Amino acid sequence: MKKRIGALMAAAAMSAAFAAHAQQPMKQPAAKAPAKATQKATDATTADFEKFRDVLEEDNPAELFEAKGEELWKAKRGPKNVSLAETCDLGLGVGKLKGAYVQLPRYFADVDAVMDAERRIAHCMVTHQGFKAEDLAKKPFSSGNYTPELVSLTTYVAGHSRKMKIAIPQKHPKEKETYQIGKEIFAYRAGPWDFSCSTCHGEDGKRIRTQNLPNLSTPEGAIRAFQGWPGYRMTGGVMHTLQWRMNDCFRQQRFPEPNYVSPSITALLSYMGVNANGQMYKGPGIKR
Ligand code: HEC
């Protein structure tokens, strides 16, 4: 535990340093090729960060959220006083967690729809435990000392797919359709800057300041939409899921924020996830 606290304190210190880069507001349209000197400096920053992450991931702060998620998953809760463990089917059978996360988003016959991990867990909380969807959507993202239950739950579920291959199914027609919708949303340009996801994530080698922008349309890039998420983000020192990441990118794109666990997010996660199929998921991780 001592080691872990040490790591967390190191994370907090680093987060301040990285925050300076990562949180600067974007003043200009993305990813113009920077001057050579800047490029060199940012490459060094990236390399340093990668080294630091390797060290920290050995004693990963995400585990604290997995432990909280486990309690929430197993406890009888909500107006109906049942546990998710005894009611929630994430695609492989009620209560079955091993490998579920790397096979989501997927089609669920009970709702005749494709759902991603967080959306499905939220659905279970509403349908089986009797929580209100509006309440879950009220404050869905972590900030300060506050971590939404769904963040811990999603982290716990994701932990059961550690070191497993991403295998998002594309058999059901709705799964194929969802992928196509995601592909379209990814390429859809609009807003005050006429940006799409593709503007920032559709080519290799783009960056904003110190941040490399993965090309999410290729398998090598798309894995970054999975790897390390849910992630303990050093900027701010909080745990975030992909729902937050998507929201924040909509904001960067100057689009209106999507609703919490909206089907558009499921579609984007299908698109990027299927592009990453076959690669290994290392489990909940660390992000800057
Ligand atoms: C204006 C540029 C911009 C646009 C447009 C944009 N993003 Fe991002 N995206 C970023 C930045 C900056 C990061 C953070 C990179 C980092 O922290 O290293 C990021 C990170 C991500 C990540 C996480 C990558 C990782 O390594 O963990 C995903 C996934 C992602 N974006 C998807 C999307 C999707 C989907 C859209 C369209 C809805 C989108 N982005 C639109 C700039 C953008």
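Residues numbered from 1 in each chain as written. Predicted model: local features only at pLDDT ≥ 70, side-chain atom pairs only at ≥ 80, totals over all residues.

**Focus: the site of the ligand**
Taken together, 27 residues form the shell around the ligand, and within it C197, C200, R224, A225 and C249 come nearest. Only α8 (197-201), β5 (211-213), α10 (242-252) and α11 (263-275) provide two or more residues apiece to the shell around the ligand. No other element matches α10, which puts five residues into the shell around the ligand. (Near = placed C-beta within 6 Å. Helix = DSSP H or I, 4+ residues; strand = E, 2+ residues; numbered from the N terminus.)

**Some words on the environment of N259**
The residue N259 is located in the loop between α10 and α11 in this model. Placed 12 residues apart in sequence, N259 and N247 show a C-alpha to C-alpha distance of 8.8 Å.

**A word on helix α4 (residues 117-127)**
At 3.6 residues per turn, the α-helix brings residues three or four places apart onto the same side. Of all 11 residues in α4, eight are buried; the element is thus mostly enclosed. The complete set of buried residues in α4 reads A117, E118, R119, R120, I121, A122, C124 and M125. (Buried ≥ 20, exposed ≤ 12 C-beta atoms within 10 Å, placed from the backbone.)

**Structural notes on the sheet that holds strand β9 (residues 284-287)**
Read across the open sheet, the three strands follow the order β7-β6-β9; overall the sheet is mixed. At either margin of the open sheet sits one strand with a lone partner, and together these are β7 (238-240) and β9. Geometrically, the sheet is characterised by an average inter-axis angle of 35° between neighbouring strands, direction not taken into account. Direction of pairing for strand β6 (residues 228-233) relative to β9: parallel, over a ladder of four bridges. Counterpart to G228 in the pairing with β9 is P284. Docked against the sheet, helix α6 (residues 149-159) engages β6, β7 and β9, running at close to 130° with respect to β6. (Pairing = 2+ DSSP bridges. Axes fitted to C-alpha atoms, helices over the stretch in contact; angles between N-to-C directions. Contact = placed C-beta atoms within 7 Å.)

**A few points about the environment of K183**
Counting through the fold element by element, K183 comes out in helix α7 (residues 173-187). A sequence separation of 15 residues divides K183 from S198, and the C-alpha atoms of the two residues are 9.8 Å apart.

**With respect to the pairing of β6**
Most of β6 is tucked away: six of the six residues are buried. Two elements, β6 and β7, share three bridges in a ladder whose sense is antiparallel. Within the sheet, the bridge partner assigned to R233 lies in β7 and is V238. Linking β6 back to β7 in an antiparallel pair, the connection comprises four residues, with G236 at a positive phi of about 100°.

**Points about the packing of α7 against α11**
Helix-helix packing is described using two parameters, namely the angle between the two axes and the distance between the axes. Orientation of α7 relative to α11, taken along the N-to-C sense of each, is 95°, at an axis distance of 7 Å. Comparing their axes, α11 and α7 come out roughly perpendicular. Contacts between α7 and α11 involve T178, Y179, I181, G182, K183, I185 and F186 from the former and S264, T266, A267, L268, S270, Y271 and V274 from the latter. Taken together, the residues that form the contact of α7 with α11 break down as eight nonpolar, five polar and one charged. (Parallel < 35°, antiparallel > 145°, perpendicular 65-115°, else oblique. Nonpolar A, V, L, I, M, F, W, Y, C, P; charged D, E, K, R; others polar.)

**Side note on the packing of helix α3 (residues 62-74) against α6**
Where α3 contacts α6, the two axes come as close as 7 Å, and the packing angle between them is 100°. Our classification of the angle between α3 and α6 gives roughly perpendicular. Each of A62, F65, E66, K68, G69, E70, L72 and W73 in α3 lies in contact with α6, whose residues at this interface are E149, V151, S152, L153, T155, Y156 and G159. Each residue belonging to the contact of α3 with α6 can be placed in one class, and the counts come to seven nonpolar, four polar and four charged.

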